[in-house]
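Overview (structure and organization)
The lines below spell out each chain.
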Amino acid sequence: MERPQSFFSENAGKRLFAFFLISFFLLNVSWKWVLAQSYVPDLGGFERNVIWGIQRILAGQELYTNPENLPFSFVQYMPLYYEVLAALGKLFSVQAADAHGVYRLARIFNLMLSLGFSSIVFFTSYWRFKVPVFLAGTFAILSFLISDTFTISGRPDSLKAFFMVLQVFVLCKSNGFKLRYKMAIAFILSFCCLLCKQDGIVAFGILPLAFLFGAEWKNLGIYVFGAVLVLASGLMFLQWNYGDYFFANTVGGLKNGISFSWFMSVFRGYFGLYLILFAPALMLAFEFAHEKNRALRILAAAMLVVFFPSLLASLKFGSGVNYFQESLLISCILLPIGISAFSGPAFFRFSTSKWIFPSLAFLLFFGLSGLNWFAGVFLNQEAALKTAYKNDVAFASTLKQEFPKHKIMLLTDRQWEDNLTTIFFDCIVNPNRDVSAQVFEGKKGDALKGLRNYVSTNPNLILLTRFGQRPSFAGQDFSAFHVSRDFGGYQIWTK
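Below is a summary of the structure that appears in this document.

1. Here we look at the nonpolar core
Core analysis: the largest hydrophobic core is formed by 127 residues, its most contacted members being Phe 424 and Leu 464. In contact with Phe 424, not counting residues within four places along its chain, are Phe 395, Ala 396, Leu 399, Lys 400, Ile 408 and Leu 464. Of all hydrophobic cores here, the second largest spans 20 residues; its members include Phe 72, Phe 440, Leu 448 and Leu 463.

Structure below.
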């Protein structure tokens, strides 16, 4: 039976959808470009902690130190992101003392990475699985649009996501690429994921799970042996290169504890929104796990490997939506493959409607989000943020001149509004205090003994609080301190 004709041709509907798709992509890139250079001190995930670590390397200081000695820091993450950004900082003459310059460098780098991994989403769908170019491009752009500002926050998440999807792209290459080369590249890229963040270790599970699905027992045994060898030798090298306190930071700094209330507050709305992506992607992953085509099994394994460990890790106190970035990207590879293979009955009465429907969906969802983008660019009081940053720089300069031999402990209550940790990077005490507080709670108070002793015995320590706020932090005794003066919106406490 012939379909009735609509008022608009199917090509007109397709062009309308393409217009919305490209327009929102360009708007989103513009918005993130502005945010990457913003003076807002946190775009998600306490990026200040990572920025401080980059500053340490730029200043020629050690990244991992004893958490019980000055500066009483926990550098939570693995070293690759810090080292890459420090190298870029030296290349572009970014000084360690230029806190905003380091922020800007890290955020622009992550913006480039987010464009990079969305491009890999496209090429994986289009080149590896022969998805029509328009469909592959739609989901590649979608993967960029739905990526949270975490992706440009100065943290290692985007570099890990880039290596993860790059591995999927390489492993899904046609069988003309010899398997032993794929294994070697998988070892390298998996270890690169681990070098970004500890949870990147799941990347080692993609290829063996695909072998398990295909009952490729010999290949499974070879890969597992090689992976154990790579992990053992790699970790030994890291311990040798970064010293005795490498594991004290990267393992000891992750003891955050489990919190169901945190999980509900952060992820309840998130899963309600992205269920439309995750549910069909997981369904396709279970389907593809039984396919004879190894590339499809690899894609299925990748989805299962990145989603379920992230779901478990999201129960940790302090977890964030960035845990599911790789799941979003791989979902945007799986779904166009499933859609392009679907040959069921026509759902819409008019052929134009298959373009009008997604056009309206994009307009409503990203149009409303666009209001937030607009507010983020034009109404986020960027001038006020810049003024606040410059005031903090001037305050820090004055304080250093008055107390040149003192160390500074910052105890403001709204840590996400903190410029001073990175401005005072070379004389700050306990710079990662959110992590320290979590470790303190996780160890039931049996932690931070070195900090406690330093606070009680060192005369050259200044406490900074906001006006009217008393100093308080993780069981520390500040009774010996008194307000020396009020200055620049802060109270200066000395002994």
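Having put the structure on the table, let's press on.
2. Digging into the pattern of salt bridges
Within the structure shown, the criterion is met by 12 salt bridges. A salt bridge links Asp 199 to Lys 160; the shortest N-O distance between them is 3.6 Å. Here Asp 199, found in the loop between helix 7 (179-196) and helix 8 (206-213), pairs with Lys 160, found in helix 6 (residues 157-171); they are 39 residues apart in sequence, far enough to count as distant. Owing to a relative accessible area of 4%, Lys 160 belongs among the buried residues under this scheme. A salt bridge links Arg 294 to Glu 216; its shortest N-O distance comes to 2.7 Å.

3. Quick look at helix 15 (residues 382-402)
In this model helix 15 runs 30 Å from its N-terminal to its C-terminal C-alpha over 21 residues, within 8% of the 30 Å that 1.5 Å per residue would give. Every buried residue of helix 15 is listed here: Tyr 389, Asp 392, Phe 395, Ala 396 and Leu 399. One side of helix 15 holds all its buried residues, which, seen down the axis, span an arc of 125 degrees. Across from the buried face of helix 15, at angles greater than 90 degrees, the exposed residues are Ala 383 and Gln 401. Its buried side turned inward, helix 15 meets helix 4 (99-129), strand 1 (407-410), helix 16 (420-423), strand 3 (461-466), strand 4 (482-487) and strand 5 (490-494).

4. Description of the sheet that holds strand 1
The five strands are arranged 2-1-3-5-4 in an open sheet whose pairing can be described as mixed. Two strands close off the open sheet at either side, each with one partner strand: strand 2 (428-429) and strand 4. Sheet topology places strand 1 next to strand 2; two bridges connect them, and they run parallel. Counted as the bridge partner of Met 409 is Val 429 from strand 2. Each of strand 1, strand 2 and strand 3 is contacted by helix 18 (residues 449-457), which is oriented at about 115 degrees to strand 1, the strand it contacts most.

5. Some words on the packing of aromatic side chains
Inspection of the entire model under this criterion finds 33 aromatic pairs. Ring centres of Tyr 242 and Phe 246 lie 6.1 Å apart, and the angle between their planes is 25 degrees; this geometry places the pair in the stacked category. There is no split in this pair, since Tyr 242 and Phe 246 are both buried. Connected via pairs of aromatic rings, a cluster forms that spans Phe 267, Tyr 270, Phe 271, Tyr 274, Phe 278, Phe 307, Phe 308 and Phe 324. The ring of Phe 169 carries Arg 128 above its face, with NZ or CZ at 3.9 Å from the centroid. Lying over the aromatic face of Tyr 181, Arg 180 brings its terminal NZ or CZ to 5.1 Å of the ring centre.

Thresholds, definitions, all that
Residues numbered from 1 in each chain as written. Predicted model: local features only at pLDDT ≥ 70, side-chain atom pairs only at ≥ 80, totals over all residues. Heavy atoms only, no water. Core = buried A, V, L, I, M, F, W, Y, C linked by side-chain atoms within 4.5 Å. Buried < 20%, exposed > 50% of the residue type's maximum accessible area, 1.4 Å probe, protein only. Contact = heavy atoms within 4.5 Å. Salt bridge = Lys/Arg side-chain N within 4 Å of Asp/Glu carboxyl O. Helix = DSSP H or I, 4+ residues; strand = E, 2+ residues; numbered from the N terminus. Expected span 1.5 Å × (residues − 1). Arc of directions from axis to C-beta. Pairing = 2+ DSSP bridges. Axes fitted to C-alpha atoms, helices over the stretch in contact; angles between N-to-C directions. Phe/Tyr/Trp six-rings, centres within 6.5 Å; stacked < 30°, edge-to-face > 60°. Lys NZ or Arg CZ within 6 Å of the ring centre and 35° of its normal.

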